[in-house]
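Here is how the chains run, residue by residue.
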Amino acid sequence: MNPSTLDLNPPPVADPGSPVLTEPLDGAVVRADFPILAHEQNGQRLVYLDSAASSQRPNAVLDAMRRYETHSHANVHRGVHRLAAEATDLYERARTRVAAFLGTDDRREVVFTSGTTAAINLVAGSWGQDQLGPGDVILVTPMEHHSNLVPWQLLSRRTGSELRAIPLLPDGTLDLDALPTVLDDRVRFVTMAHVSNTLGVTNPVAEVVAAAHAVGAKVLLDAAQSVPHGPVDVRGLDVDFLAFSGHKMLGPTGIGVLWARHELLEAMPPWQGGGEMIRRVTMEGSTWNDAPYRFEAGTPPIAQAVGLAAAVDYMQGLGMDRIATHHRLLAGDAARRLDALPGLRLLGPAADAAREGVVSFTVDGLHAHDLATILDARGIAVRAGHHCTMPLHDHLGVAASTRASFAVYNTLEDIDDLVEGVKHAQAMFGLNA
Amino acid sequence: MSDLSDLYQEVVVEHARSPRNAGVLEGEGVLRADGDNPLCGDRITVMLEIDAEERIREIRFTGDGCAISTASASLMTEAVTGLGVADALALFARFREVMTTDADPGATSADVLNTAARDATVVDGADVGHAGVESADPDSVPPLGMLEALVGVRAYPMRVKCATLAWHTLRAALPDEPAAVAPTTRTVPVSGRAADSVPVVSTE
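The text that follows walks through the structure, step by step, so that each part is easy to find. This structure is a prediction, so every number in the text was calculated from the model and none was measured. (Residues numbered from 1 in each chain as written. Chains lettered and ligands numbered in written order. Predicted model: local features only at pLDDT ≥ 70, side-chain atom pairs only at ≥ 80, totals over all residues. Heavy atoms only, no water.)

**Structural notes on the overall build of chain B**
Scanning chain B from N- to C-terminus turns up 6 helices and 3 strands. When the elements of chain B are put in sequence order from the N terminus, they spell out α-β-β-β-α-α-α-α-α. By sequence separation, contacts in chain B at least 24 residues apart represent 70% of the contacts at least 6 residues apart. In the structure as shown, chain B presents an accessible area of about 9100 Å², 50% of it carried by carbon and sulfur atoms. (Helix = DSSP H or I, 4+ residues; strand = E, 2+ residues; numbered from the N terminus. Contact = heavy atoms within 4.5 Å. Areas by Shrake-Rupley, 256 points an atom, 1.4 Å probe, with all protein chains shown as cover.)

Okay, structure coming up:
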């Protein structure tokens, strides 16, 4: 679809009780932009409900990457020839584009990484290793994706700092009232998911940031699951670090972003050594390049950066607010209709709570892996397991769950298929649906 | 839609809903191992007793898993009760062979079983420390019997681990040297996931 032809005044969203819902995005039209969705799965129309694991890419992204590879590729920041200049220009334009996407005009604050995981490990390995020691506390939450938990476990072990968790409420959401019990002036660093990849809920960033900054702690926001679902403004959020991946927001794999305040980046030591990140190298030692280049050792994922910028353009063409409304509507509809099935339990808050495009659930008598296999035979792709949040599943007393997650190309018809598929699976296992 | 009836055969669904030998064995001489599939969070504990003739006298399991892993554990306990340790390991080798051999396009389940029967004594490279496998007489390899109900899992590569988890855990519980059975309890902790390693029994 051509975003420029879109009506820029999105239709009003139906209230939750309304029997007829109108999708803010025309999912069927958007779907045509994604070539993979035209391919049948097991002879069925592909219903892709695993975008929180990795989303699909529109032609706009695939074309931009192919154009780069076929016309402009060379190494960046190194050559004097025309292609080297062209590649460098495209790569740096992508940085500028991402900065604007995050609500900042300071492109020096955007470090390209291989993904969210690498971005978080960069902060742990550079800022954390440099700043933390015995007596210091790192504050996390038990709902984190393993990629925002394990790096801090490793750092805690390396530096002798203490790892502490903000307690959760029984439904798995953050217990904000308990924050003062764990947030004291020994806390130097707080890291948290913006949106839970399992529950779909948005965490109370403003409250946590205010409390953390009051004791002088820095805050990292794992935005891997929020950037795909709506506008993210680093200045408004007032965080110190923010990480996200390209491949969960309609872009390619192998590219992600660490955004950090410039003064923090400038003071941080290098994480990985290599080309690009140095100013001068002698056999006696080296001096470092400025941020962000200091943190981009080696040849970066150039085509992927170009693809990420194209994904940003595509999403902004659709409208970030409209995407947010679309995902919330689909997740809300799925939560309500699934919740009405016998034996089905939603993970997280009640069905009418706001979910950012993610719904996880269990079905009594039906293991998540069996359900996912049965749905797959009907062309429906969902995630089954612990979704890299084992501590959260332990907290909820659930070994595994099924997750449906939504993107711009999903429609209410997809949810019809999902609900019918779950009923069919229950019938297969002799469960009274 | 692809046909799921080959995967979820009646026998499989029935064993998943009413698993045999589900429960706990306690006491001196009980061998035990925990298995964990970190991919999906499935966990199983296998407990067994071996008699003086090195036969599996009793076996029980507890766990939390999908229909395939639960049915496989249930069918396994029925299949190995009364078997010698070496024969149980040979049966595992055969079962694993059936589950992991690439199928010719168009091969029927019967073809697969026949091929696997010929290869049943092939020893997996990972099977170190189980001298009993090599010594098993090819002619005495027990037939798969009811385990054939699980052959449909082969068409679902992501699920093969579900079917073999119980067997890997059984192997971990068995004594390394069948000739030197000593009453021991070996427990592979599964609770320390926050630490630097996740104990994994399943290796396929």
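Now that the structure has been shown, the text picks up again.
**Overview of the pattern of salt bridges**
Residue and element names in this part refer to chain B. Counted according to the given criterion, the structure contains 33 salt bridges over all chains. The salt bridge partner of arginine 32 is aspartate 34, with a shortest N-O separation of 3.6 Å. Residue aspartate 34 is classed as buried on the basis of its relative accessible area, which comes to 7%. Where arginine 60 meets glutamate 58, a salt bridge forms, and the shortest distance between an N and an O atom there is 2.7 Å. Overall, glutamate 58 belongs to the partly exposed group, its relative accessible area being 29%. (Salt bridge = Lys/Arg side-chain N within 4 Å of Asp/Glu carboxyl O. Buried < 20%, exposed > 50% of the residue type's maximum accessible area, 1.4 Å probe, protein only.)

**A short note on the environment of isoleucine 415 of chain A**
All names here are of chain A. Here isoleucine 415 lies in helix 14 (residues 412–428). We classify isoleucine 415 as buried; its relative accessible area is 0%. Residues isoleucine 415 and alanine 334, 81 residues apart in the sequence, show an inter-C-alpha distance of 6.0 Å. Residues in contact with isoleucine 415, not counting those within four places in the same chain, are Leu330, Asp333, Ala334, Arg337 and Phe406.

**Examining the interface of chain A and chain B**
Listed per partner, the contact involves 20 residues of chain A and 25 residues of chain B. Summed over both partners, the interface of chain A with chain B comes to about 1900 Å²; 56% of that surface belongs to carbon and sulfur atoms. Looking at the side of chain A facing chain B, the largest losses of area belong to His369, Thr373 and Phe429 of chain A, adding up to 25% of the total buried there. Listed by contribution, the elements that provide at least two residues to the side of chain A that touches chain B are helix 5 (150–159), helix 12 (368–377) and helix 13 (390–396) of chain A. The element contributing the most residues to the side of chain A that touches chain B is helix 12 of chain A, with 5 residues. For the side of chain A that touches chain B, the residue count by class is 7 nonpolar, 9 polar and 4 charged. (Buried area = accessible area lost by both parts, 1.4 Å probe. Nonpolar A, V, L, I, M, F, W, Y, C, P; charged D, E, K, R; others polar.)

**Considering the packing of helix 2 (residues 67–80) of chain B against helix 6 (residues 160–173) of chain B**
Residues and elements named next belong to chain B. Between helix 2 and helix 6, the shortest axis-to-axis distance is 7 Å and the interhelical angle comes to 45°. One finds that helix 2 runs oblique with respect to helix 6. Classified by chirality, the crossing of helix 6 by helix 2 is right-handed. Contacts from Ile68, Ser69, Ser72, Ala73, Met76 and Val80 of helix 2 reach helix 6 at Cys162, Ala163, Ala166, Trp167 and Leu170. Its residues placed into classes, the contact of helix 2 with helix 6 shows 9 nonpolar, 2 polar and no charged. (Axes fitted to C-alpha atoms, helices over the stretch in contact; angles between N-to-C directions. Parallel < 35°, antiparallel > 145°, perpendicular 65-115°, else oblique. Left-handed = near helix turned anticlockwise from the far one by under 90°.)

**Quick look at the layout of surface pockets**
By volume, the largest pocket amounts to about 540 Å³. As for the largest pocket, its lining consists of 21 residues, of which Ala372, Thr373 and Val382 of chain A together with Met158 and Arg159 of chain B are closest to the centre. Those elements that place two or more of their residues in the lining of the largest pocket are helix 12, strand 13 (380–381) and strand 14 (383–385) of chain A. Looking at the lining of the largest pocket element by element, the count peaks at 4 residues for helix 12 of chain A. (1 Å grid on protein atoms, 1.4 Å probe; cavity = no way out; pocket = protein on both sides within 12 Å on 5 of 7 lines; lining within 4 Å. Points joined across faces, edges and corners; volume = space filled by probe spheres on them.)

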